[in-house]
Amino acid sequence: MKNKVRELRKQKGLTQEQLAEIIGVSRQTINAIEKEKFDPSLPTAFKMAKLFEMSIENFFLFDETK
Amino acid sequence: MKEERKKHLLNLGLWTWSWVATLAIATFGPKFIWDDHLALTTFAIITNLVNGVLMILANRKLFNHYDELERKIHLESLALTLGLTVIVGLTYSLLDQTNIIPFDAEIGILVGFVGLTYMTTLLINRKRYS
C-alpha cells in the first residue's frame, strides 16, 4: 500500500529507530512500511496517526486496483 | 524492548542447550554411564521430555515478543518448513521402503533438514522485507 510515512517521519525530525521506539515495533518494520513492502496492523496505523496528528487515510493510500 | 528481547533469547538459548544435553544423556547414558538401568533410563527420557516442553514454552515467549513483521516472517518460514518437511519426509520414507536408497532412513536427517529449511526460508523472507 502506498504511504507517506517516510515523508511524515522526516517532517517530525525522527529517525527510523526513534519512530520504531515510539510506535513499539522494530526498525526493520518501519523500513518495510516506508518501502511499501509491508502493510502495518490497525493498532500500528492508529499509533502513527496519533503521532502524525492526522487520520490514517491521509497517509495510507488505498489502491483498489492492486 | 531490546533488553526484554535479549532476556527471552538468552532464556531460549539456555533451554535449548539444556535440552540437547539431556538428549545426549538419555541417548548415551544407558550404554556408557549406567549400564541399561531401567529406572535411570526412564528418568533421563522423562527429564529430556520435560526439558523439551520448557524449551517450546521459551520459544513461544520469544515469538509473542516479536512485532507484527517479525511474526509474519517467522510464520511464513514455518509454513514453508512444515510443508517441505511433510513432502520431503514422505519421499525419503518411500525411497527407504522401496530400497532405492542403500541405507535406512534416519530421523536425524529429517531433523537436520527441518533446521536448514527453517534457517534458509527465514533468511529469504528477511531479505524480502528489508
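Everything quoted here is computed from the prediction, not taken from an experiment. (Residues numbered from 1 in each chain as written. Chains lettered and ligands numbered in written order. Predicted model: local features only at pLDDT ≥ 70, side-chain atom pairs only at ≥ 80, totals over all residues.)

## A word on the overall build of chain B
(1) Moving on: Looking only at helices and strands, chain B features four helices and zero strands.
(2) Moving on: Secondary structure of chain B in N-to-C order comes out as α-α-α-α.
(3) Moving on: Radius of gyration (C-alpha) of chain B: 18 Å, far over the 14 Å computed for a compact globule of 130 residues.
(4) Moving on: Taken along its principal axes, the extent of the C-alpha atoms in chain B is 50 × 40 × 15 Å.
(5) Moving on: Looking at chain B as a whole, 8% of its 130 residues qualify as buried. (Helix = DSSP H or I, 4+ residues; strand = E, 2+ residues; numbered from the N terminus. Rg over C-alpha atoms; globule rule 2.2 N^0.38 Å. Buried ≥ 20, exposed ≤ 12 C-beta atoms within 10 Å, placed from the backbone.)

## A word on the overall build of chain A
(1) Moving on: Counting its secondary structure elements, chain A contains four helices and two strands.
(2) Moving on: Mapped in sequence order, the helices and strands of chain A form the string β-α-α-α-α-β.
(3) Moving on: Radius of gyration (C-alpha) of chain A: 11 Å, near the 11 Å computed for a compact globule of 66 residues.
(4) Moving on: Counting over 66 residues, chain A shows a buried share of 21%.
(5) Moving on: A separation of at least 24 residues holds for 53% of the contacts in chain A among residues at least 6 apart in sequence. (Contact = placed C-beta atoms within 7 Å.)

## Considering the interface of chain A and chain B
(1) Moving on: The interface is formed by eleven residues belonging to chain A together with six residues belonging to chain B.
(2) Moving on: Per-element accounting of the side of chain A that touches chain B gives the leading share, four residues, to helix H3 (residues 27-34) of chain A.
(3) Moving on: A class-by-class count of the residues in the side of chain A that touches chain B yields four nonpolar, six polar and one charged. (Nonpolar A, V, L, I, M, F, W, Y, C, P; charged D, E, K, R; others polar.)

## So, the packing of helix H3 (residues 68-97) of chain B against helix H4 (residues 107-128) of chain B
All names here are of chain B.
(1) Moving on: Viewed as axis vectors pointing N to C, H3 and H4 meet at an angle of 145°, and their least axial separation amounts to 9 Å. The two elements H3 and H4 meet at a crossing, and its hand is right-handed. For the pair H3 and H4, the contacting residues are Ile73, Glu76, Ser77, Leu80, Thr81, Leu84, Thr85, Val88, Gly89 and Tyr92 in the first and Leu110, Phe113, Val114, Thr117, Tyr118, Thr121, Leu122, Asn125 and Arg126 in the second.
(2) Moving on: Looking at side-chain class alone, the contact of H3 with H4 contains ten nonpolar, seven polar and two charged residues. (Axes fitted to C-alpha atoms, helices over the stretch in contact; angles between N-to-C directions. Left-handed = near helix turned anticlockwise from the far one by under 90°.)

## Here's the deal with the environment of Ala105 of chain B
All names here are of chain B.
(1) Moving on: You can see Ala105 is positioned in the loop between H3 and H4.
(2) Moving on: C-beta crowding within 10 Å serves as the criterion here: with 15 such atoms nearby, Ala105 is assigned to the partly exposed category.
(3) Moving on: Placed 34 residues apart in sequence, Ala105 and Arg71 show a C-alpha to C-alpha distance of 33 Å.
(4) Moving on: When residues no more than four places from it in sequence are discounted, the contact partners of Ala105 are Tyr92, Ser93 and Asp96.

## Some details on the domain arrangement of chain B
(1) Moving on: Entries for chain B in the domain assignment read domain 1 (1-65) and domain 2 (67-130).
(2) Moving on: Distance from the C-alpha centre of domain 1 of chain B to the C-alpha centre of domain 2 of chain B: 22 Å. (Domains from an automatic or database assignment.)

## Focus on helix H1 (residues 2-32) of chain B
Residues and elements named next belong to chain B.
(1) Moving on: Between the first and last C-alpha of H1 there are 43 Å, a value that for 31 residues agrees with the 45 Å anticipated at 1.5 Å per step.
(2) Moving on: The largest bend along H1 reaches roughly 30° and is located at Ala26, with the proline Pro30 sitting one to four residues downstream.
(3) Moving on: Within H1 the residues assigned to the buried category are Trp19, Thr22 and Ala26.
(4) Moving on: The secondary structure elements touched by the buried residues of H1 are helix H2 (38-65). (Expected span 1.5 Å × (residues − 1). Bend = angle between axes of the 7 residues up to and from the residue.)

## Re the packing of helix H2 (residues 16-23) of chain A against H3 of chain A
All names here are of chain A.
(1) Moving on: In contact at an axis separation of 8 Å, H2 and H3 are set at 110° when each is read in the N-to-C sense. Between H2 and H3, the interaxial angle falls into the category roughly perpendicular. Contacts between H2 and H3 involve Gln16, Glu17, Leu19 and Ala20 on the former and, on the latter, Arg27, Thr29, Ile30 and Asn31.
(2) Moving on: Broken down by class, the residue content of the contact of H2 with H3 amounts to three nonpolar, three polar and two charged. (Parallel < 35°, antiparallel > 145°, perpendicular 65-115°, else oblique.)

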